[in-house]
Amino acid sequence: MENKRTRGNFNVMCRLVGLVRPLAPVMVCAVLLGVAGFLCAIFIPVLGVYALLDSLHFSVPVVLKTACILLPILAVSRGVLHYAEQGCNHFIAFKLLALIRDKVFGVLRQLAPAKLEGRDKGDLIAVLTADIELLEVFYAHTISPICIAVIVSVVMACFMGSYAPALGLYAALAYAVIGIGIPVAAARGARKSGESFRAEFGALNGFVLDSLRGVRESLQYNDGAHRLAQINQRTDALAGQERRLKEAGGTAQAVTGAIILLLDAGMLALAGSLFMAGAIGFDGALVSVVALMSSFGPVIALANLGTGLQSTFAAGNRVLDILDEQPAVREVTDGRDIVFRGADARRVTFGYRDSEILKEVSLHIPEHGIVGITGRSGSGKSTLLKLLMRFWDTDLGQVEISGENIKGINTASLRAAESFVEQDTVLFHDSIEENVKIANRNATHEQVMAACRKASIHDFIMTLPQGYDTPVGELGDTLSGGERQRLGVARAFLHDAPFILLDEPTSNLDSLNEAVILRSLAEERASKTVVLVSHRASTMRIADTTYSVENGRMS
Ligand SMILES: Nc1ncnc2c1ncn2[C@@H]1O[C@H](COP(=O)(O)OP(=O)(O)OP(=O)(O)O)[C@@H](O)[C@H]1O
């Protein structure tokens, strides 16, 4: 993706919160339940102190008898509130994974195919699975703990401040040190490793996927051991990074524990000195010390987030990179629908990024004509077909379909009018019948068979034990290149669009199968218009007009 960028953590946090606005009421519920639960837990020892002071005849707001009734109520409430908070968090987790994946898939649909060309597919899978999964931690276990910690800290600082303002200020400072100071310091230290861990994780996914795809090549050239060594090296590097992240997390936890003890000791000294100076009573000093000691729970949860948070922000960044990516072409829904009446390229200039591939190319494709395009490898023939499909927009000049600028035609209408058979046919892990039917989900079995006959693949399918129900192996690698190619052509026949664009449809075929497909195309010409890219003179013979692309120019 071109859009790879690093946003500030606060920016990432705000953007991620914005993504799940519909879940805000449940999040508020989770926070309120969490605050109530923590306050119950904190006030159990405080009530104990009140009971003790009451029995020593101090004047306290809660007497021994009331404390004895309240203590079990608080204990049970703590459990119930915690359970309900977790219930809300899990509800949020499940809903938001669906919500974010839906958004990301929506964007990918717009980016495809142009912006996904050349993208590391393994890395993309890592974003769609692991990174989004990690965001669940962010929403359910980061946002709500932060809110809970802020609210509980304010309540407790006010409570201690009611005995003496200095006690309240000290408590607020202590909470800030644990809840802000430690996670910020830990996150700063782990920022680079968090980002590179997520990036490396995606890269390893891509590498393994690549290795699986190329397993035959690796075996053939005896490159398996080298490939395995590379996988091991990457895995070790990733494990090393993870270990460093975990070690940093462990160190942060140990430091947190030590600082809390020091802060407790400081509170004891402060309360003691205030008591000695007569500013507060013994009850105020004791209650404040116990209240502070028992109220670090919510901010400890934040301190523990520090190092893990970096991975979460890095994952958030990667998800936002996809969401922010601009498609190469915008889907048109408020344009015109067309009836196909021929196509034209008018002085089309186009390049991928900086390199110019086509320069002022013009070409006329009359309705019911068969137009051939030849040219050396890499001259831009497939690129021209992609411009006719509007996978990309031209830099200069324009492509017209039925006399309309292609940019103003509704995308759905354009897709219905065109069938594009690319050089490589991608097959899904499904039966042959279903693989052909992706071109027309409503087609009957008879129509699928007719399309396969035209593509000269029917006889082969009938030799298979399960015929059209034969499952196609992963990535179609149980079929030969020519068989896959003919299935691709069968899809185009089944799609039944008036304009067929074929990119090297016969490159893997013997002359017998080539002849069948060319005859089928010739028979279809009463209702179809065909653009044919091929290096084979025998295939080009059926074209009425042949253009040649050389050095980006058409002749
Ligand atoms: N998505 C892309 N991003 C950047 N460059 C690309 C992209 N797709 C193709 N190219 C480059 O554009 C040039 C033209 O590619 P194209 O596939 O159109 O050539 P072609 O004439 O169809 O070649 P062949 O006959 O080998 O299929 C090549 O140099 C290719 O590397």
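The name an unreviewed UniProt entry assigns to the chain is ATP-binding cassette, subfamily C, from the organism Gemmiger formicilis. As stated in UniProt under Subcellular location (unreviewed entry), the record for the chain gives "Cell membrane".

Enquirer: Please clarify how the overall build of the chain should be interpreted in this entry.
Expert: Check the secondary structure of the chain and you find 17 helices and 10 strands. Computed over the C-alpha atoms, the radius of gyration of the chain is 34 Å, more than 25% above the 24 Å expected from 2.2 N^0.38 for a compact globule of 555 residues. By the burial criterion, 48% of the 555 residues in the chain qualify as buried. Considering only intrachain contacts with a sequence separation of at least 6, the fraction spanning at least 24 residues in the chain is 80%. In the structure as shown, the chain presents an accessible area of about 26,400 Å², 60% of it carried by carbon and sulfur atoms. Averaging the coordinates of the 52 positive side-chain charges in the chain and doing the same for the 56 negative ones gives two points 3 Å apart.

Enquirer: Please clarify how the pattern of salt bridges should be interpreted in this entry.
Expert: Across all of its chains, the model carries 20 salt bridges by this definition. Where Arg-336 meets Glu-404, a salt bridge forms, and the shortest distance between an N and an O atom there is 3.2 Å. With Arg-336 in the loop between helix H9 (297-324) and strand E1 (343-352) and Glu-404 in strand E5 (residues 404-405), this residue pair connects regions lying 68 residues apart in the sequence. Residue Glu-404 is classed as partly exposed on the basis of its relative accessible area of 23%. Note that Arg-347 is salt-bridged to Glu-360, the shortest N-O span being 3.3 Å. With Arg-347 in strand E1 and Glu-360 in strand E2 (residues 355-365), this pair connects stretches of sequence that are 13 residues apart. Three or more residues joined by partner-sharing salt bridges are found here, namely Lys-454, Asp-496, Glu-524 and Lys-528.

Enquirer: Explain the site of the ligand to me, please; I cannot follow it from the model alone.
Expert: Contacts to the ligand come from 14 residues, most closely from Glu-117, Ser-377, Ser-382, Thr-383 and Gln-423. Gly-378 has a polar backbone atom sitting 2.8 Å from an oxygen atom of the ligand. In this structure, Gly-380 approaches the ligand through a main-chain N or O atom, which is 2.9 Å from an oxygen atom. Within the complex, 68% of the 640 Å² of free accessible area of the ligand lies under protein. Take the shell around the ligand: its biggest share by element is three residues, from helix H10 (residues 381-388).

Enquirer: Just checking my understanding: could you explain the environment of Arg-7 for this structure?
Expert: Here Arg-7 is to be found in the segment before helix H1 (9-19). The spacing of Arg-7 and Thr-539 is 532 residues in sequence and 53 Å in space, taken between C-alpha atoms.

Enquirer: What's the story with the packing of aromatic side chains in this structure? I'm lost.
Expert: Inspection of every chain in the model, using the stated rule, returns 11 aromatic pairs. Residues Phe-58 and Phe-282 carry aromatic rings whose centres are separated by 5.7 Å and whose planes lie at 35° to one another, so their mutual orientation is tilted. One end of the pair, Phe-58, is in the loop between helix H2 (24-55) and helix H3 (64-111); the other, Phe-282, is in helix H8 (residues 282-293), with 224 residues separating them in the sequence. For Phe-58, a relative accessible area of 30% puts it in the partly exposed group. Between Phe-350 and Tyr-352, the ring centres sit 5.1 Å apart and the planes meet at 85°, which makes this aromatic pair edge-to-face. For the pair shown, Phe-350 and Tyr-352 are each scored as buried. Among the aromatic residues, ring-to-ring pairing joins Phe-43, Phe-159 and Tyr-163 into one connected group. Of note, Arg-78 hangs over the ring of Phe-38, and the distance from its end group to the ring centre comes to 4.9 Å. Its end group placed over the ring of Phe-207, Arg-234 keeps NZ or CZ at 4.3 Å from the ring centre.

Enquirer: Which parts of the structure should I look at to understand the environment of Phe-350?
Expert: Looking at the element boundaries, Phe-350 is found in strand E1. Exposure remark for Phe-350: the relative accessible area of 2% places this residue in the buried category. C-alpha of Phe-350 to C-alpha of Thr-394: the two residues are 44 residues apart in sequence and 5.3 Å apart in space. Excluding residues that lie within four positions of it along the chain, Phe-350 makes contacts with Glu-356, Ile-357, Leu-358, Thr-383, Leu-387, Trp-392, Asp-393, Thr-394 and Asp-395.

Enquirer: Can you walk me through the domain arrangement of the chain in this structure?
Expert: Interfaces are frequently sized by the accessible area removed from exposure as the parts join. In terms of domain boundaries, the chain breaks down into domain 1 (9-323) and domain 2 (343-554). Spacing between the C-alpha centres of domain 1 and domain 2 amounts to 53 Å. Listed per partner, the contact involves five residues of domain 1 and five residues of domain 2. Carbon and sulfur atoms supply 61% of the area buried between domain 1 and domain 2, which totals about 470 Å² over both sides. When the buried area of domain 1 at its contact with domain 2 is split by residue, Pro-113, Ala-114 and Glu-117 rank highest and sum to 68% of it. Where domain 1 touches domain 2, the interface holds zero salt bridges. Counting across the interface, domain 1 meets domain 2 through zero residue pairs in polar contact (both at pLDDT 80 or more).

Enquirer: Would you mind going over the environment of Leu-204 with me for this structure?
Expert: Relative to the helices and strands, Leu-204 resides in helix H5 (residues 165-213). The exposure class of Leu-204 is buried, given its relative accessible area of 14%. Put simply, Leu-204 and Lys-121 are 83 residues apart on the chain and 11 Å apart in space, counted from C-alpha to C-alpha. Ignoring anything within four residues of it in the chain, the contact list for Leu-204 reads Ile-231, Arg-234, Thr-235 and Leu-238.

Calculation notes
Residues numbered from 1 in each chain as written. Predicted model: local features only at pLDDT ≥ 70, side-chain atom pairs only at ≥ 80, totals over all residues. Heavy atoms only, no water. UniProt positions renumbered as here; feature names shortened; annotations may be inferred. Helix = DSSP H or I, 4+ residues; strand = E, 2+ residues; numbered from the N terminus. Rg over C-alpha atoms; globule rule 2.2 N^0.38 Å. Buried < 20%, exposed > 50% of the residue type's maximum accessible area, 1.4 Å probe, protein only. Contact = heavy atoms within 4.5 Å. Areas by Shrake-Rupley, 256 points an atom, 1.4 Å probe, with all protein chains shown as cover. Lys, Arg positive; Asp, Glu negative; His and termini not counted. Charge placed at Lys NZ, Arg CZ, Asp CG, Glu CD. Salt bridge = Lys/Arg side-chain N within 4 Å of Asp/Glu carboxyl O. Near = heavy atom within 4 Å. Polar contact = N/O pair within 3.5 Å; in protein donor to acceptor, adjacent residues only side chain to side chain. Phe/Tyr/Trp six-rings, centres within 6.5 Å; stacked < 30°, edge-to-face > 60°. Lys NZ or Arg CZ within 6 Å of the ring centre and 35° of its normal. Domains from an automatic or database assignment. Buried area = accessible area lost by both parts, 1.4 Å probe.

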